[in-house]
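Below, each chain spelled out in residue letters.
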Amino acid sequence: EGALLLFLFTLSGALEDLAMERTRREIEALHKLMPTSAQVWIESDGQGRWEEIDPEALVAGQRIKVRPGELIPVDAEMLDGRSSIDQSTLTGESMPRGVTKGDALYAGTVNLDNPIEAIVTRPAIESSLHKVLRLVTEARQQREPIQRLIDRVSQPYAISVMVASALVALVWWLAFKDPAAEAAITAITFLIVMSPCALIIATPTATLTTIARGARAGVLFKGGQAIDRLSQIGAVCFDKTGTLTMGRAALSAIDAIGWSDERKLLAVAAGLETDSTHPIARAVHEAARKAGVTPARVTDTRHAPGQGITGMCEGEPVAIGLYSYVEENIPMCLRARTRDRLARVQAEGQMGAVIAAGGEHGAAAVFVISDPIRPGAPGLVRRLHDLGVYPVRMLTGDNRATAEFVGKQLGLDSWDAELLPEDKVRIVREMREERRSPKWRPAHGAGTNGLRGVRRGVAFIGDGVNDAPALAAADVAIGIGSIGSDAALESSDIVLLNDDLETAPWAMRLARRARSILRFNIILALSVIIIMGLATLVGSRIDMDVPMSLGVVAHEGGTLLVVLNSLRLLWAPGVEPTEAPSAAGAAA
């Protein structure tokens, strides 16, 4: 028993100590994204040349060059050229952003298409990516670790009981004139029943079984503190791209205008996009593959970065891309209808790519490109509301139209769009401060759901580097593990190891059950200690001595009940099946 107790107690402490290494690991994960070199224009002796230097040496006003596929080393302003920038590390947007002269470029984002030149606007230490790193560090430092009362008092309590037992032996022998042997037996019995074994083991057994049960369901709890804080969550904020949605572009619909054969349309589009690595091209190729469509043979293809692609198919000109780029290939009689349908798609927060074929049988179509909803998201709000969690809020760096489309589709309580990492941190902190105010009351009873007390904690669920500061600022940070960045996962207290968001409310339910069982365990252990301690002392004075065997049974029985009660968590019900998404959800 002593060996098992020591093992479980030490293991519990080890699980808690893992959190102490988290800040170092998450900072290392962010540092991996820091650019390691930069091409800068150096002038000397009336001549100039491009030279590779450390980004930390760059100063405002210098001219830099970024080749396709390279990280932008510092925050800068576009000087010349046209390209597309993947800035998901900062905003979480799934689609690249087209940039031209005068547009802002951010450190840590990726140049996708053409070589570009830019003017440095601020040194590397003040860049957007450094700001993310600083926010993670500051938010983590502001979080005070929760120290369990039992951990603080266990050692002083044990010493006190040993001293008290020695005093009982002396007082019963010297003051009450009991025989020395009887006084010793009373003191030993008192020592046994007052032993805090059940009290100390209550926490690690509940923690270990909860972690084990969560792991079987694809939920990783990083220690007992994460479980305890999750049980107190009453509001949840979500990132959008990569969290509520899959984080990748997909072809969700084809709106044909004067084009009867959609399979041929998809084949032509796939043929045009054969050599492109743009996210829209990947979405078209994936849709063609799933439909069993072979790309058409397209010749004389020409790429216009950020605009589209043209080519020849079966002797007729074809094009795909922005409406302004393909307009001349659309017959005059179809242009107004094409513009109207494209505007409707864009008003719904989705992206539209226009494909057109000129020639004698001219036709056009709008490809609806969107970010698919993640499994488990359609029923997520209802399940969280059933747990008394309110509000369920979305914080995204994406545009307002897209945020509104996803928010209404999922029935979210509120949403905020076009946010940078510091905006997400500010909103999370404001929610925490508001809910901690003595005057705060949950709206319409939300946050209680008939359960004891009011849950004031705020959780944030995200996946990207841009989410790391908000994850660190929340009471509970929940990361999406299968596609999440290292920085987001290291910032997380809890990691969902699969793509199904339904495990989030299930984890909350499990944490609340664990807290309830832990509370019962502590009450049971304290009751045994107090009742048996008083019975031992009082009984010895009224000739109703508590046998040592009964003291052992009470002590061991209490410990056994605590362990068995905790083990019930291993048989907690599993995650409910994810609801099939509606047609609208599939289209999203």
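In this text, all values refer to a predicted model and were calculated from it rather than measured experimentally. (Residues numbered from 1 in each chain as written. Predicted model: local features only at pLDDT ≥ 70, side-chain atom pairs only at ≥ 80, totals over all residues. Heavy atoms only, no water.)

Asker: What is the right way to look at the pattern of salt bridges in this model?
Answerer: It is possible for side chains bearing opposite charge to pair when their charged atoms get close. Scanning all chains against the criterion turns up 25 salt bridges. Between D239 and K424 there is a salt bridge, and its shortest N-O distance comes to 3.2 Å. Of this pair, D239 sits in the loop between β11 (233-238) and α9 (240-244) while K424 sits in helix α16 (residues 421-436), and the two are 185 residues apart along the sequence. With respect to burial, D239 and K424 carry one shared label: buried. (Salt bridge = Lys/Arg side-chain N within 4 Å of Asp/Glu carboxyl O. Helix = DSSP H or I, 4+ residues; strand = E, 2+ residues; numbered from the N terminus. Buried < 20%, exposed > 50% of the residue type's maximum accessible area, 1.4 Å probe, protein only.)

Asker: How should I be thinking about the packing of helix α6 (residues 180-193) against helix α19 (residues 503-541) in this particular structure?
Answerer: For any two helices packed against each other, one specifies the crossing angle of their axes together with the interaxial distance. Contact pair α6 / α19: the axes reach a minimum separation of 9 Å and the direction vectors enclose 170°. Viewed along their axes, α6 and α19 adopt a mutual orientation that is roughly antiparallel. Side by side, α6 and α19 meet where T186, T189, F190 and V193 of the first sit next to I529, M532, G533, T536, L537 and S540 of the second. (Axes fitted to C-alpha atoms, helices over the stretch in contact; angles between N-to-C directions. Parallel < 35°, antiparallel > 145°, perpendicular 65-115°, else oblique. Contact = heavy atoms within 4.5 Å.)

Asker: I would appreciate a short explanation of the sheet that holds strand β13 (residues 299-304) in the present structure.
Answerer: For sheets, the rule is that strands pair by backbone hydrogen bonds, running either parallel or antiparallel. An order of β12-β17-β16-β15-β14-β13 is seen for the 6 strands of this open sheet, with the pairing classed as antiparallel. On the outer flanks of this sheet lie β12 (250-257) and β13, each paired with one strand and no other. For this sheet, the mean inter-axis angle between neighbouring strands, taken without regard to orientation, is 15°. Relative to strand β14 (residues 308-313), β13 runs antiparallel, the two being bridged by 4 bridges. Looking at β14, one finds that A304 is bridged to G308. Contacts from helix α10 (residues 262-272) reach β12, β14, β15 (316-321), β16 (351-357) and β17 (363-370), with the element oriented near 80° to β15. (Pairing = 2+ DSSP bridges.)

Asker: Please explain the packing of α6 against helix α20 (residues 548-567) as it appears in this structure.
Answerer: At a minimum axis distance of 8 Å, the contact between α6 and α20 shows a crossing angle of 10°. One finds that α6 runs roughly parallel with respect to α20. Of the residues in α20, those touching α6 at I185, I188, T189, I192 and V193 are M548, G551, V552 and H555. Across the contact of α6 with α20, the residue classes break down as 6 nonpolar, 3 polar and no charged. (Nonpolar A, V, L, I, M, F, W, Y, C, P; charged D, E, K, R; others polar.)

Asker: Looking at this structure, I do not really get the pairing of β14. What am I missing?
Answerer: Along any regular strand, the residues point their side chains to alternate faces of the sheet. In sequence, β13 turns back onto β14 through a hairpin of 3 residues, with G306 there showing a positive phi of about 80°. In the sheet, β14 pairs with β15 via 6 bridges, with the strands oriented antiparallel. Bridge pairing links M312 to P317 in β15.

Asker: In this structure, what is going on with the packing of aromatic side chains? I would like to understand it.
Answerer: To describe a pair of aromatic rings, one takes the distance between the centres and the angle between the planes. Within the structure shown, the criterion is met by 2 aromatic pairs. Taking the centre distance of 5.2 Å and the plane angle of 70° together, the rings of W41 and W50 count as edge-to-face. According to the relative accessible area criterion, W50 is partly exposed, its value standing at 26%. Aromatic pair W172 and F176: ring centres 4.9 Å apart, planes at 75°, arrangement edge-to-face. Look at F176 and you get partly exposed, because its relative accessible area is 38%. The ring of W41 carries R63 above its face, with NZ or CZ at 5.7 Å from the centroid. (Phe/Tyr/Trp six-rings, centres within 6.5 Å; stacked < 30°, edge-to-face > 60°. Lys NZ or Arg CZ within 6 Å of the ring centre and 35° of its normal.)

Asker: Please explain the nonpolar core as it appears in this structure.
Answerer: As a rule of thumb, nonpolar side chains are buried together in soluble globular proteins. Counting residues in each nonpolar core, the largest one holds 43 residues, and the members touching the most others are F221, L230 and F238. For this core, the leading source of residues is α19, giving 8 residues. Judged by nonpolar contacts, the second largest core, of 28 residues, contains L265, A267, A269 and A270. (Core = buried A, V, L, I, M, F, W, Y, C linked by side-chain atoms within 4.5 Å.)

Asker: I keep staring at the side chain of R383 and nothing clicks. Help me out?
Answerer: Counting through the fold element by element, R383 comes out in helix α14 (residues 380-386). Judged by its relative accessible area of 8%, R383 falls in the buried class. Polar contacts involving the side chain of R383 include one to the side chain of E502, which spans 2.6 Å. (Polar contact = N/O pair within 3.5 Å; in protein donor to acceptor, adjacent residues only side chain to side chain.)

Asker: Sorry, what's going on with the environment of D275 here?
Answerer: For D275, the position within the fold is in the loop between α10 and α11 (279-291). Among the residues examined, D275 registers a relative accessible area of 62% and is labelled exposed.

Asker: Sorry if this is basic, but what is going on with the sheet that holds strand β1 (residues 38-44) here?
Answerer: Sheet architecture is open: 6 strands sit in the order β2-β1-β3-β9-β4-β7, paired in antiparallel fashion. Taken across any chain shown, the strands that pair with only one partner, and hence form the sheet edges, are β2 (47-53) and β7 (104-105). One ladder, built from 4 bridges, connects strand β4 (residues 76-80) with strand β9 (residues 116-120); its direction is antiparallel. For M78, the partnering residue across the bridge sits in β9 and is A118.

Asker: Which parts of the structure should I look at to understand unusual backbone geometry?
Answerer: Note: most residues except glycine have negative phi, and most peptide bonds are trans. Of note, the bond from Y390 into P391 is cis; its omega dihedral lies within 30 degrees of zero at 0°. Along the polypeptide, P391 turns up in the loop between α14 and β18 (392-395). Notably, D300 is not glycine yet its phi reads approximately 55°, a positive angle. Locating D300 in the fold gives a position in strand β13. D300 sits in the exposed class, given a relative accessible area of 58%. Positive phi values are uncommon outside glycine, yet E418 reaches one of about 55°. If you trace the backbone, E418 turns up in the loop between β19 (414-416) and α16. Taking the relative accessible area as the measure of exposure, E418 reaches 46% and is therefore partly exposed.

Asker: What's the story with a nonpolar patch on the surface in this structure? I'm lost.
Answerer: On the surface, I159, V163, L167, L170, V171, W173, L174 and F176 cluster together into a nonpolar patch covering about 720 Å² of accessible area. On the secondary structure map, L167 appears in helix α5 (residues 149-175). (Patch = residues over 30% accessible without salt bridge, like charges linked within 9 Å, V, L, I, M, F, W, Y side chains within 5 Å. Areas by Shrake-Rupley, 256 points an atom, 1.4 Å probe, with all protein chains shown as cover.)

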